[in-house]
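# Architecture and fold: a report
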Amino acid sequence: MKLAAMDAIDSLMPYLLHLVVLYVSVVVIYLLYKYKSSDGGATPNLPPGRKGLPYIGETLDYVLASRWGTPEKFITDRTTKYSPDVFRTSLLGEDMAIFCGAAGNKFLFSGQNKYVTSWWPDSIKKALMDPASVDNSSKEESTKLRAYLPPFLKPESLQHYIPVMDIMAKEHLDQHWFPYNEVQVFPLSKKYTFALACRLFMSVTDPEEIENFAKPFALATAGLISVPIDLPGTTFNRAVKAGRQIRQQLLALITKKKNELLEKRKTVASDLVDSMLMDGMTEVEIGNKIVGFFIASHDTTSTAITFLVSYLSDHPDVYNRVLEEQMEVVRSKEGGEALRWEDIQKMKYTWCVACEVMRLAPPANGSFREAISDFTYAGYTIPKGWKAFWTVHSTNKNPKYFSDPERFDPSRFEGDGPAPYTFVPFGGGPRMCPGKEYARLEILTFIHNLMVRLKWVKSNPNEKISYIPSPIPEEGLPIKIQPLLSSTKG
């Protein structure tokens, strides 16, 4: 019987092989046809460019350029070859038009809800948001997100946060910097900005509870801009699992706060979660919003702080001028008095330095949009459904906008500063990030406390920088530190 069965299988093998070949051929032909048909067809005059491989597109090229520390090369190579205004590519499995230069930035910022709407890659939606609550379009989510930010970020609220930021910066330095002779700036800046966000957004202050949020959040954000293949062992799979854990933790916290509001009959919100609960949002909706706030406020500011420390170390003349400005603030205050709004406004040169740092080491690469109808830009047609991307890498190091662009020169931001839409770390025009002032306060408050209490030198001046997708020092920016007062006395 076994021999008969084996003979039967052997006799069928040639046919099975032909069937497999036929199946594979049909699939390949279908994919190529679909890929080719989406490559233009009846739609006239698409932007010049190439789509790369099916599905993968040019994602690998972009990732490699970023890992090598030259994300702008992906942009400049294509603007040189195809068009300085807009070129086509395929990223994250999507047809995409990359808008370049100040004019491209202005068009996308001012064209919101007229030509384009907000769009988030599947990797972000699947990893960090509740699948049942995320609409196919990001327009509603983005609109709601912005609606809840302005009250939280109005001037009277921001003034209230400055002493909290100041106290937390001092406590952070005392606990995580002063006991050591050498520290890693990048992980510590992330620890500080994450703890501050937990305090201001959710009134969470317990270190253990903060750490329980921070660990899965780090895993989730690592998969934000990754190919959304949910297989065991992939970055995206780990991000999805971590995102699920984050949502469970947030749901428990938000439910607890909701019960406290009802029991205590509170009428004044103590944080952002309270505010959204009082406005009638569901626990799941609030969880999605809080995740968005953390992404916008945590990774970007910690990156800015890290590279501000790095560039100050590289440029002693700039360091000395910033130190003098910060010491002038100290001299104007009583001993032990917390920073106030008026103090932050005196840190004008320090903010110019921070802006120049963000030009050369941008904390965020740009943002995605989706075309809501066919439209024309720079003589090219952008079809409905295509994704669009504006990027800081088309302007930040462009000699058209910044002379000698690789030179570190904070004076570029003195006076009127750069031309409109050439420096857009926080977006621009009607799409200016409403959290810009929050980020400014957070960065300046921390740098003030660091400058007036410590001096430092880099442990490795030649440390390599990768972009994943934001700039990351591969060793975490280790620095040797010592207290400023004791060093000046000596």
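Every value quoted in this text rests on a predicted model; they were computed, and no experiment measured them.

### Looking at the overall build of the protein
Scanning the protein for helices and strands turns up 17 helices and twelve strands. Relative to its full complement of 490 residues, the protein shows a buried share of 48%. In the protein, 71% of the contacts between residues at least 6 apart in sequence involve partners at least 24 apart. Surface accessibility of the protein: about 23,800 Å² in total, with carbon and sulfur atoms responsible for 58%.

### Points about the pairing of strand β9 (residues 454-458)
Only one face of β9 is covered, namely the one carrying L454, W456 and K458; the face carrying K455 and V457 has none of its residues buried. Pairing between β9 and strand β12 (residues 478-483): five bridges, direction antiparallel. From the neighbouring strand, L454 faces β12, where its bridge partner is P483.

### Considering the side chain of E325
By the secondary structure assignment, E325 is in helix α13 (residues 316-331). One buried charged residue, E325, forms no salt bridge at all, with the nearest opposite charge on R321 at 6.5 Å. At 3.4 Å, the side chain of E325 and the backbone nitrogen of K348 are in polar contact. If we skip the residues at most four places from it in the chain, E325 touches K346, M347, K348, Y349 and T350.

Quick notes on the rules
Residues numbered from 1 in each chain as written. Predicted model: local features only at pLDDT ≥ 70, side-chain atom pairs only at ≥ 80, totals over all residues. Heavy atoms only, no water. Helix = DSSP H or I, 4+ residues; strand = E, 2+ residues; numbered from the N terminus. Buried < 20%, exposed > 50% of the residue type's maximum accessible area, 1.4 Å probe, protein only. Contact = heavy atoms within 4.5 Å. Areas by Shrake-Rupley, 256 points an atom, 1.4 Å probe, with all protein chains shown as cover. Pairing = 2+ DSSP bridges. Lys, Arg positive; Asp, Glu negative; His and termini not counted. Salt bridge = Lys/Arg side-chain N within 4 Å of Asp/Glu carboxyl O. Polar contact = N/O pair within 3.5 Å; in protein donor to acceptor, adjacent residues only side chain to side chain.

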